[in-house]
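# Coordinate inspection notes
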Amino acid sequence: MREAAAKACRTLLEKGDVDAVLGLEMVGDIPTPKVFVSGDDFSKFEVEPVFPIVTLLRNIWPFTGNERVALVVRGCHELAVKELVKREIIDGRRVRMVGLACSPEQAAICRCLRPYPATVDVGSRAEGVQDDVARKIRSMTREERLAFWEEQFKKCNKCYGCSENCPVCFCEECALEDCMFVKTEGIPPSKSFHMIRAFHVADKCIECGECERSCPVAIPLRSLQRMLAEDMKELFGFQAGHDERPSPLVATLDEAPVKGVSE
Amino acid sequence: MAEFQPRILAFCCNWCSYAGADLAGVSRLQMPPNVHIIRVMCSGNVKPEYVIKSLVEGIDGVLVLGCHIGDCHYISGNHRTLKRFALLEKLLEDVGVDKRRLRIDWVSASEGEKFQKVVSEFVDQVRALGPNQLGRGAA
């Protein structure tokens, strides 16, 4: 998989389809992000482990000029790029995606429903995996659920990893950095921290699970997002990343009615 | 033991519901004193963060009142409120908070009686639910 992805990227560079490739390179035994340009050595090009490459792309985007960038995308990365293009954070015409299908083991770790991009260039499609943690939480009674989440939120040490690494968490003025909602001092933060974070990305979360992967205390944030994504689908029939429509939360009722809400 | 008295926040929009509350007061309609009114310019101004924060910090119920759909002073502010709060209700249920602690309704400036009705109903409803477990231990 590694060689095939490296070859695909190198070919794109050599053909002049792109000006740079954003990828990982092994430095010692640590995969490190790097911008590859024409003539660079691809022998240490790496695609594992799952890396928040789209977050990186978004962060360096303001500093790019007219360069066309290629990157290796997994199923979740592809949706993240689509969501960012839709929201005009990055320019889709300057991004070239090389599709990489995840292995069944990776899909199981991520509890991923769609572990492959639309066009698979490298690897073969694995079966989607249901999120049994989210299902378990849904089957609890309300009191059990509250106790469960309170226990989880108590572990938080406010590292902000979940929001920093999130590809779609990009507001200039962040509610989590507002002392109105999150006090500067004190660990754990208020129980509202993760509820606010979850709500803020609810209409753009593409369920890559980067929040949970970056969490040092293993709060099942991905399952919280899964539940909210199910709610979004139920309320508005909207799926972030898949839908071309803008978020229904910023549309009027004529454009995106709410099911089951009477006046 | 004394009966549980819930603490309730009501976000009222400046153009309709706050005037409706005023009318209810001027008309001397009897209402439970558990409700603290906060005036906002539009119900669309009420961030879900405010609701989450107040529930976490020990408020037992949150009432959001705005103009009727179609009557919003800012044309479509309340459309957004309605959608945002539909999702917020789901989030509250997902983390284990009863969604009946949150109510969104429309009260126009001439509906003093409706304001009284909504407030009384909501206070009774939250009283029946008991103290908010999410906010226990908070001030």
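## Some thoughts on the overall build of chain B
Assigned secondary structure in chain B consists of 4 helices and 4 strands. Mapped from its N terminus to its C terminus, chain B presents α and β elements in the order β-α-β-α-β-α-β-α. Computed over the C-alpha atoms, the radius of gyration of chain B is 14 Å, within 12% of the 14 Å expected from 2.2 N^0.38 for a compact globule of 139 residues. By its C-alpha atoms, chain B is 40 × 35 × 20 Å across when sized along the principal axes. The buried share among the 139 residues of chain B stands at 54%. For chain B, restricting intrachain contacts to residue pairs at least 6 apart in sequence, the fraction spanning at least 24 positions comes to 81%.

## Quick word on the sheet that holds strand 1 (residues 8–13) of chain B
All names here are of chain B. Strand order in the open sheet formed by 4 strands is 2-1-3-4, with parallel pairing between adjacent strands. Strand pairing shows two members of the sheet lacking a second neighbour, strand 2 (35–40) and strand 4 (102–106), which therefore form its edges. For this sheet the average axis-to-axis angle between neighbouring strands, irrespective of direction, equals 20 degrees. Pairing of strand 3 (residues 61–66) with strand 4 involves 5 bridges; the strand directions are parallel. Across the sheet, residue L65 finds its bridge partner in strand 4, namely D105. Packing against the sheet, helix 1 (residues 17–26) makes contact with strand 1, strand 2 and strand 3, and its axis sits at approximately 115 degrees to strand 1.

## Comments concerning the interface of chain B and chain A
Quite often, the size of an interface is put as the accessible area lost when its parts meet. Contacts between chain B and chain A engage 25 residues on the former and 29 residues on the latter. Contributing elements (two or more residues each) for the side of chain B that touches chain A: helix 2 (48–56) and helix 3 (77–95) of chain B. With 12 residues, the single largest contributor to the side of chain B that touches chain A is helix 3 of chain B. Residues of the side of chain B that touches chain A, tallied by class, amount to 13 nonpolar, 4 polar and 8 charged.

## Here's the deal with the environment of V119(B)
Residues and elements named next belong to chain B. Looking at the element boundaries, V119 is found in helix 4 (residues 112–129). Owing to 24 C-beta atoms within 10 Å, V119 belongs among the buried residues under this scheme. Along the primary structure V119 and V35 are separated by 84 residues, whereas in three dimensions their C-alpha atoms are 7.7 Å apart. Those residues in contact with V119 that lie beyond four places of it in its chain are M31, P32 and V35.

## Structural notes on the pairing of strand 3 of chain B
All names here are of chain B. With 6 of its 6 residues buried, strand 3 lies for the most part within the structure. Here strand 3 shows no split at all, with G61, L63 and L65 on one side and V62, V64 and G66 on the other all buried. Taken together, the 5 bridges between strand 1 and strand 3 define a ladder with parallel strand orientation. For I8, the partnering residue across the bridge sits in strand 3 and is G61.

## Quick notes on the nonpolar core
Formed by 117 residues in total, the largest nonpolar core has its most connected members in A5(A), C9(A), L71(A), A80(A), L228(A), I8(B) and L91(B). Among the domains, domain 1 (2–110) and domain 2 (132–250) of chain A are the pair contributing at least three residues each to this core. For I8(B), the residues in contact, after removing those within four places along its chain, are N34(B), V35(B), H36(B), I59(B), D60(B), G61(B), L63(B), F122(B), V123(B) and V126(B).

## Re unusual backbone geometry
Residues and elements named next belong to chain A. P49 follows E48 through a cis peptide bond whose omega is -10 degrees. Tracing the sequence through the fold places P49 in the loop between strand 3 (45–46) and helix 2 (53–60). Positive phi, normally seen in glycine, also occurs at K158, with a value near 55 degrees. Tracing the sequence through the fold places K158 in the loop between helix 6 (142–154) and helix 7 (161–164). Residue K158 is classed as partly exposed on the basis of its C-beta count, with 16 C-beta atoms lying within 10 Å. One non-glycine residue, E207, adopts positive backbone phi at about 55 degrees. For E207, the location among the structural elements is in the loop between helix 8 (192–200) and helix 9 (210–214).

## Some details on the domain arrangement of chain A
Residues and elements named next belong to chain A. On domain assignment, one finds that chain A holds domain 1 (2–110) and domain 2 (132–250). On a C-alpha basis, the centres of domain 1 and domain 2 stand 25 Å from each other. With 12 residues of domain 1 at the contact, the number on the domain 2 side is 15 residues. The dominant element in the side of domain 1 that touches domain 2, judged by the number of residues it contributes, is helix 3 (residues 75–86), at 5 residues. Partitioning the side of domain 1 that touches domain 2 into residue classes produces 8 nonpolar, 1 polar and 3 charged.

## A word on the pairing of strand 1 (residues 20–27) of chain A
Residue and element names in this part refer to chain A. Relative to strand 4 (residues 69–73), strand 1 runs parallel, the two being bridged by 3 bridges. Bridge pairing in strand 4 links V21 to A70. The pairing of strand 1 with strand 2 (residues 30–36) spans 7 bridges and is classified as antiparallel. Looking across to strand 2, one finds that M26 is bridged to P31.

Calculation notes
Residues numbered from 1 in each chain as written. Chains lettered and ligands numbered in written order. Predicted model: local features only at pLDDT ≥ 70, side-chain atom pairs only at ≥ 80, totals over all residues. Helix = DSSP H or I, 4+ residues; strand = E, 2+ residues; numbered from the N terminus. Rg over C-alpha atoms; globule rule 2.2 N^0.38 Å. Buried ≥ 20, exposed ≤ 12 C-beta atoms within 10 Å, placed from the backbone. Contact = placed C-beta atoms within 7 Å. Pairing = 2+ DSSP bridges. Axes fitted to C-alpha atoms, helices over the stretch in contact; angles between N-to-C directions. Nonpolar A, V, L, I, M, F, W, Y, C, P; charged D, E, K, R; others polar. Core = buried A, V, L, I, M, F, W, Y, C linked by C-beta atoms within 7 Å. Domains from an automatic or database assignment.

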